[in-house]
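A look at the structure
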Amino acid sequence: MPSNLATSANAIFFDDHKPHPVNATAADYYSQHIYTRARTYSNTVSKTHRKGFHSVDASRPLRRLSHDERPQAPRRFLIDVEETIRIVLEQEDTDGDFQISITDSGPKVLALGTATSNGFKSFDIRGTYMLSNLLQELALARDHGRQRIVLDEARLTENPVDRLSRMIKYGFWSSLTRRIDGDGLEIICADPKNRTASLKPRIYVPHGEPKMAEYYRKVAEAKPHLGLRVEVLPLKCDDPVYVKSLNDKPGILALAMKEVDDGQGGKTLKGIPFVVPGARFNELYNWDSYFISLGLLVDGHIEMAKGMVDHFIFEIKHYGKILNGSRSYYLCRTQPPFLTDMALQIFNQLDRSKYAENKQWLKRAIQAAIKEYHTIWMAVPRLDPVTGLSRYRPDGLGIPPETEATHFTHILEPFAEKHGISILEFSEKYNDGVISEPELDEYFLHDRAVRESGHDTTYRFEKRCANLATIDLNALLYKYEVDIATAIRDVFDDELEMEEDFKLSPFPPTPEDFGPGKKLKGSLTQKQSSEEWFERADFRKDRIDEYLWNDGKKLYFDYDTVTKRQILYESVTGFWALWAGCASEEQAWKLVTYSMSKFEVIGGLVSGTEESRGRISLDRPNRQWDFPYAWPPHQIMTWVGLERYGYLEDAQRLAYRFLYMMTTAFVDFNGVVPEKFDAVKLSHLVDAEYGNQGIDFKMVPREGFGWMNAAYQVGLTFLTSHMRRAVAACTSPELFFGRRDAAGGASDVRAPGGDFDPVGLAMDSAMASLNMDLAGAQI
């Protein structure tokens with residue numbers, strides 16, 4: 001262990017060096033070892049260990065003591081990193097999860113030695129937020145090899161909105177960044193969803209990329225410790241039988257690369273970086289990437305967002321679609337389409353001095369989107385030729401292998417009993433085709449469709465998703481059509497030639513066009529014009545109004561193409577029509593005036609209404625995309641849609657609610673940024689399905705969660721400076737907006753005076769979750 005006393009001539013002492021700004025990144029803030037002029041470096045003492053003091057009653061606030069300083073200059077502390085970590089965890093982390101939260105029952109006070117007194121005098125650090133920030137800073141200092149630090153008090157009391165936004169911009173995005181090449185394979189190949197016996201990393205390279213295959217073979221030879229296996233996919237790599245054959249040997253799918261100098265006068269390949277959602281989702285995802293890119297653009301990471309579009313172009317070329325995720329078991333599935341808006345937003349922020357280069361890049365993106373539109377969304381089976389609307393209806397065979405081990409137990413159990421075998425044996429025989437169960441085939445058809453929708457899972461789609469022309473998908477495709485038309489007209493002089501040959505979907509579509517023996521035109525036979533694409537958009541809007549809009553209920557609904565009726569499940573995705581621009585002014589007014597209150601709760605917008613979800617029981621457990629859960633995509637789409645139609649105040653109110661919920665969780669639970677929330681209880685402690693992601697970290701959050709990070713950064717752009725200050729002060733929406741929650745939900749938790757008590761809600765939810773964990777442990 002190095003001495004506290006500096007021995008080199010260029011040693012930097014805390015009272016000599018100019019401190020870094022308190023909001024500097026950890027890499028800058030802890031870049032230097034700062035020495036003290038005293039041998040005793042820190043006077044870190046917990047209140048309970050002070051000699052001569054009685055033990056602390058944690059239920060009563062402690063008064064300041066006579067030795068506490070009243071400084072003229074900003075206060076700074078001298079801290080022994082490892083010793084202080086030990087004391088903080090021993091005293092404050094009473095539940096042993098390496099986090100300091102409001103559910104911990106420690107005294108919530110710790111004395112730190114001040115820098116101006118060389119650690120002789122001390123000052124009390126008080127409360128969950130300061131103590132959890134202290135733990136986070138100590139962990140970051142340890143990461144940078146610091147055994148002793150000088151820490152600004154302002155870093156512990158930092159405005160929570162500024163702190164979280166800074167952590168996302170300078171820390172979380174970097175931690176979530178991956179590359180598929182020799183330097184990044186070890187991280188990206190790790191797959192928490194892999195439950196097979198084959199744990200050796202495997203990469204699948206698409207047909208027609210021999211240089212890429214050779215590159216990965218050289219990596220495997222150069223790094224034998226990886227045990228990397230390189231396999232080349234067939235030309236038609238999304239054949240369901242073939243994809244099922246890969247279930248026992250899952251692997252990462254190769255993505256776009258660029259050619260760079262190898263430093264030895266030659267060339268080599270390098271992976272283009274991208275951002276993953278995080279936690280168990282350690283690969284490139286489709287619709288996650290769109291929302292992540294919005295956050296990246298807010299934070300100025302334009303090249304990173306641009307690279308993710310490059311990967312999507314690569315996927316459409318080689319895998320036939322933008323994949324659900326870049327793993328072998330996703331080859332048959334896509335997800336909600338956002339490529340055109342993603343590409344156009346990035347294009348608008350590219351360097352204007354490189355217009356020709358940018359235009360060529362956008363051309364490739366729009367060409368890829370047109371191919372995806374015709375060959376995926378406007379092709380059978382996803383297209384319903386009768387209505388002309390599209391559905392989530394992917395190919396696939398067997399049981400989805402990426403799910404949790406017990407996810408389908410309740411579905412498979414009756415079939416296993418019918419055949420007199422175990423669930424495991426039945427699963428194997430069913431997947432191998434030894435046992436045929438048409439009813440189960442139908443179930444998994446809809447289950448795969450649910451996963452393709454991104455809303456896995458919800459009672460909205462239960463056993464019917466593949467038959468539904470959903471409002472969300474068709475609003476997105478309307479946006480595709482308008483975006484493509486606008487790009488062709490405004491950027492490509494109203495004429496765009498395709499460079500890849502594929503079949504064009506007939507327009508307007510009819511059942512006869514897809515009958516046996518019907519030949520479809522090829523993409524090389526005609527140039528794309530804005531007129532055709534605007535006509536396609538008008539056609540889809542008419543069909544959306546005819547089949548999906550319900551004027552009596554003032555909301556859009558999904559349409560069942562088999563039963564020929566609307567499904568009256570009230571979903572917040574009805575507001576995606578505002579984002580896409582396919583609602584009329586009158587429809588928008590009706591949505592905002594009559595329907596928004598059905599989804600608005602204290603923490604923002606819930607996925608669906610409680611009435612539509614139905615009663616929850618042991619036999620009918622909650623689903624994570626139903627009431628009362630709130631997800632970033634629904635918030636962002638609605639904020640943008642409301643702003644588009646002139647309802648800015650409503651957008652700001654909803655953004656305030658969601659960011660308030662995020663900020664209070666960040667303050668009260670050691671900086672947590674989760675995948676989703678219970679927006680009624682204002683809690684990230686979610687027990688639906690696989691629980692929550694982004695909450696399992698030690699001492700300091702390093703990633704947050706992809707689209708939740710983005711929601712925070714995008715949401716802040718909607719808030720006024722006054723609203724931002726109020727969120728930072730954790731001012732309840734009910735107090736800030738001067739009224740009780742118009743949407744009702746969970747308004748039964750009140751403070752003694754009768755006012756809404758959001759802290760009480762969070763505490764009740766947290767303690768309920770803790771009690772469930774304890775009960776489970778006792779069992």
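Residues numbered from 1 in each chain as written. Predicted model: local features only at pLDDT ≥ 70, side-chain atom pairs only at ≥ 80, totals over all residues. Heavy atoms only, no water.

1. A short note on the overall build of the protein chain
The criterion, for reference: Note on conventions: DSSP H or I runs of at least 4 residues are helices, E runs of at least 2 residues are strands, and numbering of each starts at the N terminus. Under the scheme applied here, a residue whose accessible area is under 20% of the maximum for its type counts as buried, over 50% as exposed, and between as partly exposed, the area being computed with a 1.4 Å probe on protein chains only.
For the protein chain, the count of helices and strands is 26 helices and 23 strands. A total of 779 residues make up the protein chain; the buried ones form 60% of that total.

2. Some points on the pairing of strand β8 (residues 229-232)
Going by this rule: For two strands to be treated as a pair, DSSP must find no fewer than two bridges joining them. Whether a crossover is right-handed depends on one test, that the path from the first strand over the helix to the second runs clockwise when the strands point away from the viewer.
Here strand β7 (residues 202-205) runs beside β8; their pairing, made up of four bridges, is parallel. Within the sheet, the bridge partner assigned to Y204 lies in β8 and is E231. For the crossover from β7 across helix α7 (residues 210-222) to β8, the handedness is right-handed.

3. Remarks on the sheet that holds strand β19 (residues 565-567)
The sheet built from three strands is open, its strands ordered β15-β18-β19 with antiparallel pairing. The open sheet has two edge strands, β15 (468-469) and β19, and neither has a second partner. As paired strands, strand β18 (residues 558-560) and β19 are joined by three bridges and run antiparallel to one another. Along β19, the bridge assignment pairs D560 with R565.

4. Overview of the sheet that holds strand β9 (residues 252-253)
Quick note on the threshold: Throughout, a residue-residue contact means that at least one pair of heavy atoms, one from each residue, lies within 4.5 Å. As a rule, the C-alpha atoms of each element are fitted with a line to give its axis, helices using only the stretch in contact, and angles between N-to-C directions run from 0 to 180 degrees.
Taken in spatial order, the three strands make up an open sheet running β8-β7-β9, and their pairing is parallel. Lying at the two open borders of the sheet, with one neighbouring strand each, are β8 and β9. Across two bridges, β7 lies against β9 in parallel orientation. The partner of I203 across the bridge, within β9, is I252. Each of β7 and β8 touches α7; the most contacted strand, β8, lies at about 165° to it.

5. Considering helix α23 (residues 706-716)
Taken across its 11 residues, α23 has 11 buried, putting it largely inside the fold. Every buried residue of α23 is listed here: G706, W707, M708, N709, A710, A711, Y712, Q713, V714, G715 and L716. Looking at the buried positions of α23, the neighbouring elements they touch are α5 (160-175), α9 (286-298), α21 (632-644), α22 (648-668), β23 (677-678) and α24 (721-728).

6. Brief notes about the confidence of the model for the protein chain
The cut-off we apply is this: Scored from 0 to 100, pLDDT records how confident the predictor is in each individual residue.
In this model, the protein chain carries an average pLDDT of 90, and 87% of its residues clear a pLDDT of 70 or more. Contacts of residues 48-56 to residues separated by more than four positions or lying in other chains number 14 contacts, the stretch itself having pLDDT below 50. In the predicted structure, residues 740-756 sits below a pLDDT of 50 and forms 30 contacts with residues beyond four places in sequence or in another chain.

7. Points about the packing of α22 against α24
Selection rule: Orientation is classified from the angle alone, with under 35 degrees giving roughly parallel, over 145 giving roughly antiparallel, 65 to 115 giving roughly perpendicular, and any other angle giving oblique. Left-handed describes a crossing in which the near helix is turned anticlockwise from the far one by less than a right angle; the clockwise case is right-handed. Any residue that is not Ala, Val, Leu, Ile, Met, Phe, Trp, Tyr, Cys, Pro, Asp, Glu, Lys or Arg is counted as polar, Gly included; the first ten are nonpolar and the last four charged.
At a closest axis distance of 9 Å, the pairing of α22 and α24 adopts a crossing angle of 25°. Comparing the axis directions of α22 and α24 gives the class roughly parallel. The handedness of the crossing between α22 and α24 comes out as right-handed. Across from Q652, R653, Y656, L659, Y660 and T663 in α22, the residues of α24 making contact are M723, A726 and V727. For the contact of α22 with α24, the per-class residue count stands at six nonpolar, two polar and one charged.

8. Overview of the pairing of strand β5 (residues 148-152)
Buried residues dominate β5, accounting for five of its five residues. Here β5 shows a buried face lined by R148, V150 and D152 and a second buried face lined by I149 and L151. Across five bridges, the pairing between strand β2 (residues 76-80) and β5 is antiparallel. When the bridges of β5 are listed, D80 appears paired with R148.

9. Some words on the environment of P621
The residue P621 is located in the loop between α20 (610-613) and β22 (629-630) in this model. Along the backbone, P621 and D687 are 66 residues apart, and their C-alpha atoms lie at a distance of 9.9 Å. Among all residues touching P621, those that are not within four sequence positions of it are Y459 and I616.

10. Focus on the side chain of H634
In this fold, H634 is placed in helix α21. On the basis of relative accessible area, H634 is assigned to the buried category, the value being 1%. Aside from chain neighbours lying at most four places away, what touches H634 is H455, V572, T573, W576, L605, S607 and W625.

11. What about the packing of aromatic side chains?
The following threshold applies: Here a pair means two rings of Phe, Tyr or Trp (six-membered ring of Trp) with centres within 6.5 Å. Their orientation is stacked below 30 degrees between planes, edge-to-face above 60, and tilted elsewhere. Two thresholds decide whether a charge sits over a ring: the Lys NZ or Arg CZ must be within 6 Å of the ring centre and within 35 degrees of the ring normal.
Following the criterion strictly, the structure yields 43 aromatic pairs and no others. Seen from their ring centres, F658 and F677 are 6.3 Å apart, and the 85° between their planes marks the pair as edge-to-face. With a gap of 19 residues between them, F658 in helix α22 and F677 in strand β23 connect regions that are remote in the sequence. Of the residues examined, F658 reaches a relative accessible area of 0% and is grouped as buried. Three or more aromatic residues joined by ring pairs make a cluster, and in this case those are W287, Y290, F291, F338, W576, W579, W625, W631 and W707. Taking NZ or CZ as reference, K479 lies 4.9 Å from the ring centre of W579, over its face.

12. Some points on the environment of F736
Position of F736 relative to the elements: it lies in helix α25 (residues 733-736). The class for F736 is partly exposed, based on a relative accessible area of 22%. In this structure the C-alpha to C-alpha distance between F736 and M723, which are 13 residues apart in sequence, comes to 8.5 Å. The contact partners of F736, leaving out residues within four places of it in the chain, are Y656, H722, M723, A726 and T731.

13. Structural notes on the side chain of E92
Here is the rule: Positive charges come from Lys and Arg, negative ones from Asp and Glu, while His and the chain ends are left out of the count. What counts as a salt bridge is simple: a side-chain nitrogen of Lys or Arg found within 4 Å of a carboxyl oxygen of Asp or Glu. Pairs of N or O atoms are called polar contacts if they sit within 3.5 Å, as long as, within protein, a hydrogen donor faces a hydrogen acceptor (for residues adjacent in sequence, only side-chain-to-side-chain pairs).
Along the chain, E92 turns up in helix α2 (residues 81-92). The buried charged residue E92 lacks any salt bridge partner; its closest oppositely charged side chain belongs to K108, at an N-O distance of 5.5 Å. A polar contact of 2.6 Å, which involves the side chain of E92, links it to the side chain of Q91. If sequence neighbours within four positions are ignored, E92 has contacts with I87, I100, D104, G106, P107, K108, V109 and L131.

14. Considering the packing of α2 against helix α3 (residues 127-143)
Two elements in contact, α2 and α3, have axes separated by 10 Å at closest approach and are oriented at 145°. The crossing of α2 and α3 is left-handed. Each of V81, E82, T84, I85, V88, L89 and E92 in α2 lies in contact with α3, whose residues at this interface are L131, L134, L135, L138, A139, A141 and R142. In terms of residue class, the contact of α2 with α3 is made up of 10 nonpolar, one polar and three charged.

15. Notes on α21
Definition in use: What a helix is expected to span follows from its residue count: subtract one and scale by 1.5 Å.
Taking 1.5 Å of rise per residue, 13 residues should cover 18 Å, and α21 covers 18 Å from first to last C-alpha, within 8% of that figure. Summarising burial for α21: 10 of the 13 residues are buried, a large majority. Within α21 the residues assigned to the buried category are P632, P633, H634, Q635, I636, M637, T638, W639, G641 and L642. Downstream of α21 by one or two residues, G646 has phi in the positive range, about 90°.

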